[in-house]
Amino acid sequence: MASRSESQESGVNEDLNAENVVKVDEPVGNLSKYYALPPGYSGTPKKGHLMFDACFESGNLGRVDYVTEFEYDLFIRPDTCNPRFRVWFNFTVENTAPYQRVIFNIVNFSKTKSLYREGMTPLVKSTSRTKWQRIPAKNCFYYRCPDHRKNYVLSFAFAFDNDTDVYQFAYCFPYTYSRLENFLDELDKRNLECYKRELLCLTVQQRRVELLTITSPENMKDDLKKRVIFITARIHPGKTLLLLYVMVSKTWLLPLLQQKDSNFALKPSRLHVLKWG
């Protein structure tokens, strides 16, 4: 891969103990329709001069460094109010050339432990292929990079096969806040006796933190003493994943709520009160 001497001089002050280091020069905002142009180029962007964008819900990409026409270093933004956590990425790329091949390097992960070390790969979709697909494992590498002070870097190779498409890349399956709220609004309309939705608190940005209770109707009394199973579905802001949707709607909650036989449906929750936050 190409030398990063220029990128190091521009300053991403990474450290071996990256999870506990607060960076003063981390990207603070998402890129919006940003063209990654060769150094010294000042004309109108041409076909193949990639345009990056992350200004959409659950998007994350704070900076792009042009290395060569085939390689780009990408920097993700840290979590809101907590610059120590840099995990999630989700961005689009367009203005590609026909069959253009590139290598993207995510260079400022804060964690050394990652499922990418166990074979997980990023997701990609495009305007002509709307379903998320995994990038082949043979094209992905997660490794310590000497050019970035031995921090872990995710590099993946990709070939753009349709120059009119907009391509989207993500750390894992995105699940937006709006989608969650819409899902819960639909549950509210059903007036289910075994389900209660409450406001636990508000985030720094004044968004709702939901508290869901699922149990038998007789367990809904506030003064009733029951064992409580509490499940947290999103530990910090960067985890805009499909986790809550999978756990709530696909695994057992939605099937449980859709059971015609309420006695059968509520059997697992008669002895316990299940709370999701």
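Details of the structure are given in the entry above.
First things first, this report covers the structure right here in the doc. Predicted, not measured: the structure shown is a model, and the values here were computed from it. (Residues numbered from 1 in each chain as written. Predicted model: local features only at pLDDT ≥ 70, side-chain atom pairs only at ≥ 80, totals over all residues. Heavy atoms only, no water.)

1. Regarding the sheet that holds strand 5 (residues 90–94)
Consideration 1: A sheet is described by the order of its strands in space; here six strands give the open sequence 1-2-5-11-7-8, paired in antiparallel fashion. Among the strands making up the open sheet, the edge pair consists of strand 1 (34–35) and strand 8 (133–134).
Consideration 2: Sheet topology note: the strand 1/strand 2 (residues 51–53) ladder contains two bridges and is antiparallel. Bridging from a neighbouring strand, Tyr 34 pairs with Phe 52 of strand 2. (Pairing = 2+ DSSP bridges. Helix = DSSP H or I, 4+ residues; strand = E, 2+ residues; numbered from the N terminus.)

2. A closer look at the pairing of strand 4 (residues 71–75)
Consideration 1: Of all the five residues making up strand 4, five are buried; the element is thus mostly covered by neighbouring parts of the structure.
Consideration 2: On strand 4, burial covers both faces: Glu 71, Asp 73 and Phe 75 on one face and Tyr 72 and Leu 74 on the other are all buried.
Consideration 3: Pairing of strand 4 with strand 6 (residues 100–106) involves four bridges; the strand directions are parallel. Looking across to strand 6, one finds that Glu 71 is bridged to Ile 103. (Buried < 20%, exposed > 50% of the residue type's maximum accessible area, 1.4 Å probe, protein only.)

3. Topic: helix 2 (residues 177–188)
Consideration 1: Between the first and last C-alpha of helix 2 there are 17 Å, a value that for twelve residues agrees with the 16 Å anticipated at 1.5 Å per step.
Consideration 2: Residues of helix 2 that are buried include every one of Leu 180, Glu 181, Phe 183, Leu 184 and Leu 187, and no others. Projected down its long axis, helix 2 carries its buried residues within an arc of 160°, all on one side. (Expected span 1.5 Å × (residues − 1). Arc of directions from axis to C-beta.)

4. Here we look at the environment of Gly 119
Consideration 1: When you line up the elements, Gly 119 lands in the loop between strand 6 and strand 7 (123–126).
Consideration 2: A residue is classified by how much of its surface remains accessible, and Gly 119, at 49% relative accessible area, is partly exposed.
Consideration 3: With 23 residues separating them along the chain, Gly 119 and Tyr 142 place their C-alpha atoms 9.2 Å apart.

5. Digging into the sheet that holds strand 4
Consideration 1: Taken together, five strands build an open sheet; the order of strands is 3-4-6-10-9 and the sheet is mixed. The open sheet terminates on both sides in strands that have one partner only, identified here as strand 3 (63–68) and strand 9 (140–145). The sheet shows a mean angle of 25° between the axes of neighbouring strands, direction not considered.
Consideration 2: Where strand 6 lies against strand 10 (residues 151–160), seven bridges are found, and the strand directions are antiparallel. Counterpart to Ile 103 in the pairing with strand 10 is Ala 157. (Axes fitted to C-alpha atoms, helices over the stretch in contact; angles between N-to-C directions.)

6. Let's talk about the nonpolar core
Consideration 1: Membership of the largest hydrophobic core comes to 34 residues, with the highest contact counts inside it found for Phe 52, Phe 91, Phe 104 and Phe 169.
Consideration 2: Those elements giving two or more residues to this core turn out to be strand 4, strand 5, strand 6, strand 9, strand 10 and strand 11 (167–170).
Consideration 3: When residues no more than four places from it in sequence are discounted, the contact partners of Phe 91 are Phe 52, Asp 53, Ala 54, Phe 56, Asn 60, Leu 61, Leu 74, Phe 104, Tyr 167, Gln 168 and Phe 169.
Consideration 4: If you look at the next biggest cluster of nonpolar residues, it comprises ten residues, including Tyr 175, Phe 183, Leu 192 and Ile 214. (Core = buried A, V, L, I, M, F, W, Y, C linked by side-chain atoms within 4.5 Å. Contact = heavy atoms within 4.5 Å.)

7. As for the pairing of strand 12 (residues 195–202)
Consideration 1: In terms of strand pairing, strand 12 meets strand 13 (residues 208–214) through seven bridges, oriented antiparallel. The partner of Glu 198 across the bridge, within strand 13, is Leu 211.
Consideration 2: The antiparallel pairing of strand 12 with strand 13 creates a hairpin that spans five residues between the two strands, and Gln 206 there sits at a positive phi of about 65°.

8. Notes on unusual backbone geometry
Consideration 1: With phi around 50°, Lys 33 is a residue other than glycine that occupies positive phi space.
Consideration 2: For Lys 33, the position within the fold is in the loop between helix 1 (5–10) and strand 1.
Consideration 3: Judged by relative accessible area, Lys 33 falls into the partly exposed class, the value being 48%.
Consideration 4: One non-glycine residue, Tyr 99, lies in positive phi territory at about 60°.
Consideration 5: By secondary structure assignment, the location of Tyr 99 is in the loop between strand 5 and strand 6.

These values are about where atoms sit, not about what they do.
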